[in-house]
Amino acid sequence: MMAAAEKFVEADNAEAIITRIEHKSRKIESLLKQNKPVEALKTALEGSSHMIRDERCKSANWIVVHRALMAIKDVEGMFSSLDPEYYDILMKYLYRGLSTGDRPTCDQCLRIHEKLTERAGLGCILRSLADTVNAI
Amino acid sequence: MAAVAVHQFAQCITCHAWSPDHSMVAFCPNNNEVHIYKLVNDKWEKVHVLQKHDQIVSGIDWSGKSNRIVSVSHDRNSYVWNREGPEWVPTLVILRLNRAALCVRWSPKENKFAVGSGAKTVCVCYYEQENNWWVSKVIRKKHDSSVTSVAWHPNNILLATTSTDGKCRVFSTFIKGVDTRESKTGSSSDPKFGEQIVQLDLSSSWAFGVKWSPSGNTLAYVGHNSMIYFVDDIGPSPLAQNVAFRNLPLRDVLFVSEKMVIGVGFDCNPMVFAADKSGLWSFIRFLGERKESLSGPKSGSQFSEAFGKLYAQAKHGLSNDTVEPSKIQGAVHDNCINCIALLNKKGSQTKRFSTSVFLFR
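Residues numbered from 1 in each chain as written. Chains lettered and ligands numbered in written order. Predicted model: local features only at pLDDT ≥ 70, side-chain atom pairs only at ≥ 80, totals over all residues. Heavy atoms only, no water.

**Concerning the overall build of chain A**
Assigned secondary structure in chain A consists of 7 helices and 0 strands. Taken from N to C terminus, the helices and strands of chain A fall in the order α-α-α-α-α-α-α. Counting every position in chain A, which comprises 136 residues, the buried fraction comes to 47%. Considering only contacts in chain A between residues 6 or more positions apart, those separated by 24 or more positions represent 71%. With an accessible surface of roughly 7,300 Å², chain A has 56% of that area assigned to carbon and sulfur atoms. (Helix = DSSP H or I, 4+ residues; strand = E, 2+ residues; numbered from the N terminus. Buried < 20%, exposed > 50% of the residue type's maximum accessible area, 1.4 Å probe, protein only. Contact = heavy atoms within 4.5 Å. Areas by Shrake-Rupley, 256 points an atom, 1.4 Å probe, with all protein chains shown as cover.)

**Quick notes on the domain arrangement of chain B**
A common measure of how large an interface is: the accessible area buried when the components associate. All names here are of chain B. One can read the domain layout of chain B as domain 1 (10-178 + 191-201) and domain 2 (204-289 + 330-360). For domain 1 and domain 2, the distance between their C-alpha centres works out to 20 Å. Taken together, the contact pairs 29 residues of domain 1 with 33 residues of domain 2. Of the roughly 2,400 Å² buried between domain 1 and domain 2, counting both surfaces, carbon and sulfur atoms make up 66%. The largest share of the area that domain 1 buries against domain 2 comes from I13, H16 and W18, three residues that together contribute 23% of it. If you look at where domain 1 meets domain 2, you find 0 salt bridges. Inspection of the domain 1/domain 2 interface yields 5 residue pairs in polar contact (both at pLDDT 80 or more). Listed by contribution, the elements that provide at least two residues to the side of domain 1 that touches domain 2 are β2 (15-18), β14 (147-152), β15 (158-163), β16 (168-172) and β17 (196-200). Looking at the side of domain 1 that touches domain 2, its residues break down into 15 nonpolar, 12 polar and 2 charged. (Domains from an automatic or database assignment. Buried area = accessible area lost by both parts, 1.4 Å probe. Salt bridge = Lys/Arg side-chain N within 4 Å of Asp/Glu carboxyl O. Polar contact = N/O pair within 3.5 Å; in protein donor to acceptor, adjacent residues only side chain to side chain. Nonpolar A, V, L, I, M, F, W, Y, C, P; charged D, E, K, R; others polar.)

**Thoughts on the pairing of strand β24 (residues 271-275) of chain B**
A regular strand carries its side chains on alternate faces of the sheet. Residues and elements named next belong to chain B. Judged by how many residues are buried, β24 sits mostly within the fold: 5 of 5 residues are covered. The alternating pattern of β24 places M271, F273 and A275 on one face and V272 and A274 on the opposite face, and all of these are buried. Of the pairings in the sheet, the one linking strand β23 (residues 260-265) to β24 comprises 4 bridges and is antiparallel in character. Following the sheet pairing, I262 is matched in β24 by V272. From the end of β23 to the start of β24, which pair antiparallel, there are 5 residues, and C268 there has a positive phi angle of about 60°. The sheet contact formed by β24 and strand β25 (residues 281-286) spans 5 bridges and is antiparallel. Bridge pairing links A274 to S282 in β25. Taking the residues between adjacent antiparallel strands as the criterion, β24 and β25 are bridged by 5 residues, where G279 takes a positive phi near 90°. (Pairing = 2+ DSSP bridges.)

**Regarding the sheet that holds β2 of chain B**
Residue and element names in this part refer to chain B. Judged by pairing direction, the sheet is antiparallel, and its 4 strands sit side by side in the order β2-β3-β4-β5 without closing on themselves. Of all the strands in the sheet, just β2 and β5 (43-51) have a single pairing partner and so form its edges. The average angle at which neighbouring strand axes cross in this sheet is 25°, direction not considered. Relative to strand β4 (residues 33-40), strand β3 (residues 24-28) runs antiparallel, the two sharing 4 bridges. Along β4, the bridge assignment pairs M24 with K38. (Axes fitted to C-alpha atoms, helices over the stretch in contact; angles between N-to-C directions.)

Below is the structure:
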């Protein structure tokens with residue numbers, strides 16, 4: 001009984017989360033039009049580390065993050081304005097990108113991965129691998 | 001701090017412990033024996049070989065006042081070695097384990113020792129005078145996975161454990177007849193043996209290397225996710241600080257003082273952490289010198305070559321054969337450090353997984 005009730009609540013939450021992600025998506029499009037790719041990425045990454053169990057939410061969030069990642073042209077420049085608090089969550093999404101196998105996505109993720117590892121160190125990679133609880 | 005002495009005892013050392021006067025060191029050279037070396041005229045000489053275990057000795061502790069060695073092994077046994085004349089005489093302690101023993105520590109009063117095991121249990125052993133043997137009391141069903149490390153609070157009763165289930169727990173190991181009740185309000189308020197005082201779920205990956213600060217007010221342990229955790233106010237509402245660092249994970253820690261901790265691990269270079277005046281912990285520096293290679297990624301040895309090939313793919317298939325594998329210059333250890341032990345109030349010692357024993361002051 002409890003499990004069924006939990007699933008019901010989660011589905012409710014999932015709808016709310018997806019709505020939030022749609023809001024994020026519109027904000028990101030607007031920021032990209034204003035040529036603010038780093039702000040767009042920060043917006044995409046925000047709120048991602050909360051435990052979202054629902055696969056639809058995870059996919060929806062990934063689409064939004066992916067959009068922002070692919071829009072980055074100046075990787076070095078991005079890091080000069082990206083706060084370190086975003087490093088760990090960014091690393092997780094880079095690995096998700098690398099796992100897609102899609103050539104343009106992988107190229108971009110690899111480019112960013114190189115710079116992120118320089119900045120954040122191997123510890124950042126470790127944390128993205130070790131965190132099985134907050135999988136994105 | 002700098003390395004004071006360097007000595008290569010073996011190809012690989014799994015655990016070690018110092019004698020009370022620090023003239024001897026006991027370690028396991030990655031086999032089923034315990035070797036004891038003595039410093040004679042500035043040279044280390046092998047003085048004893050303790051052979052009783054059937055498999056790798058995973059933990060050794062040498063009690064400071066009673067001069068007893070306890071060893072535990074993957075063979076699920078533990079022996080307490082007493083010095084009788086020139087010989088070390090073993091006493092088998094029946095732990096009743098069905099998995100390997102992983103770590104062992106004497107309690108501060110040296111009347112008990114705790115063993116962490118792969119059976120998800122902790123055995124707390126005490127000496128029964130009447131029967132002239134060591135009895136094992138087991139803390140069961142409290143851990144979800146192997147217990148990787150144990151640490152005693154200065155009060156000889158509280159025991160902290162870390163486990164591969166990612167959690168750090170504190171238990172009471174109060175044993176009637178062995179421990180004296182210290183509470184003033186009466187016997188009913190003392191926690192019973194095996195009662196869990198607090199469970200810390202800060203790491204989402206394996207936890208290792210728990211230690212108490214000298215006063216027992218702070219607890220420190222590490223996670224396999226390159227993080228170190230500092231916890232104050234052990235009780236119903238503990239205060240935890242999660243410190244993330246950029247390097248490879250640590251395996252063990254040591255409190256040099258109330259406000260300074262040294263962590264050792266896969267980066268082969270001890271890391272110093274300290275708390276500032278407001279109690280905020282952060283990484284200060286490495287103990288050994290670390291000269292990075294001038295070109296290429298900042299990671300060393302086999303990493304740079306691998307990373308070179310990895311990133312080369314993004315650069316439109318240009319192969320990067322010219323990337324030289326760079327070695328971290330000046331690092332004292334060549335391989336993972338898995339254990340750090342306090343030598344005396346002024347010094348501490350770390351051990352290398354692959355070869356030597358190093359002394360730092």
